[in-house]
Amino acid sequence: MAGVGKQVDAYAGAKVDARHAPPVHIVGTVQSIVYGDKDAEVEAVVKVGSMHIIVTQKRKPYHKEIDFTRLGLNPRKADIVVVNWLPGARAICHACRLAAGANPRRR
């Protein structure tokens with residue numbers, strides 16, 4: 001893996017299940033790398049254009065603001081936050097409320 005500040009040209013995703021889509025080709029700059037998360041093990045943020053893509057070694061749900069901030073990202077300042085995790089619809093809705101500054105526990 002490339003280090004922080006280095007360019008990366010790699011494929012991500014579809015390691016466990018490629019039924020719905022193949023791996024995604026990512027070309028960008030590594031913004032941060034965090035080791036030791038109990039779910040993801042290794043997390044990296046890759047900047048591709050104006051997007052920040054989180055790539056993990058293992059699957060991890062991103063439900064809490066700290067999941068983003070510990071990687072150097074601020075979801076409250078993002079225009080859009082998209083989370084790809086099962087069950088997808090609930091996770092995406094939760095992340096959008098988080099980014100909008102709403103209390104994700106209120107309904």
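Please read these numbers as outputs of a predicted model, since none were measured by experiment.

The rules behind each value
Residues numbered from 1 in each chain as written. Predicted model: local features only at pLDDT ≥ 70, side-chain atom pairs only at ≥ 80, totals over all residues. Heavy atoms only, no water. Core = buried A, V, L, I, M, F, W, Y, C linked by side-chain atoms within 4.5 Å. Buried < 20%, exposed > 50% of the residue type's maximum accessible area, 1.4 Å probe, protein only. Helix = DSSP H or I, 4+ residues; strand = E, 2+ residues; numbered from the N terminus. Pairing = 2+ DSSP bridges. Axes fitted to C-alpha atoms, helices over the stretch in contact; angles between N-to-C directions. Salt bridge = Lys/Arg side-chain N within 4 Å of Asp/Glu carboxyl O.

### Things to note about the nonpolar core
In terms of nonpolar packing, the biggest core is built from nine residues, these being Ala2, Val8, Ala12, Ile26, Val30, Ile33, Val42, Ala44 and Val46. When contributions to this core are tallied by element, the ones reaching two or more residues are strand 1 (7-12), strand 2 (24-37) and strand 3 (41-48). Membership of the second largest hydrophobic core comes to eight residues, among which are Val34, Phe68, Leu71 and Val81.

### With respect to the sheet that holds strand 1
Spatial strand order, 1-2-3-4: four strands in an open sheet with antiparallel pairing. Every other strand in the sheet has two partners, leaving strand 1 and strand 4 (51-56) as the edge strands with one partner each. Across the sheet, the mean angle separating the axes of adjacent strands is 50 degrees when strand polarity is ignored.

### Observations regarding unusual backbone geometry
For Glu41, which is not glycine, the phi torsion reads 65 degrees and is therefore positive. As for its placement among the helices and strands, Glu41 is situated in strand 3.

### Topic: the pattern of salt bridges
Scanning all chains against the criterion turns up eight salt bridges. A salt bridge links Lys38 to Asp39, with the nearest nitrogen and oxygen atoms 3.5 Å apart. Between Asp67 and Lys60 there is a salt bridge, with its nearest N and O atoms 3.6 Å apart. Asp67 sits in the buried class, given a relative accessible area of 10%. One salt-bridge network, in which partners are shared between bridges, spans Asp37, Glu43, Lys60, Asp67 and Arg70.

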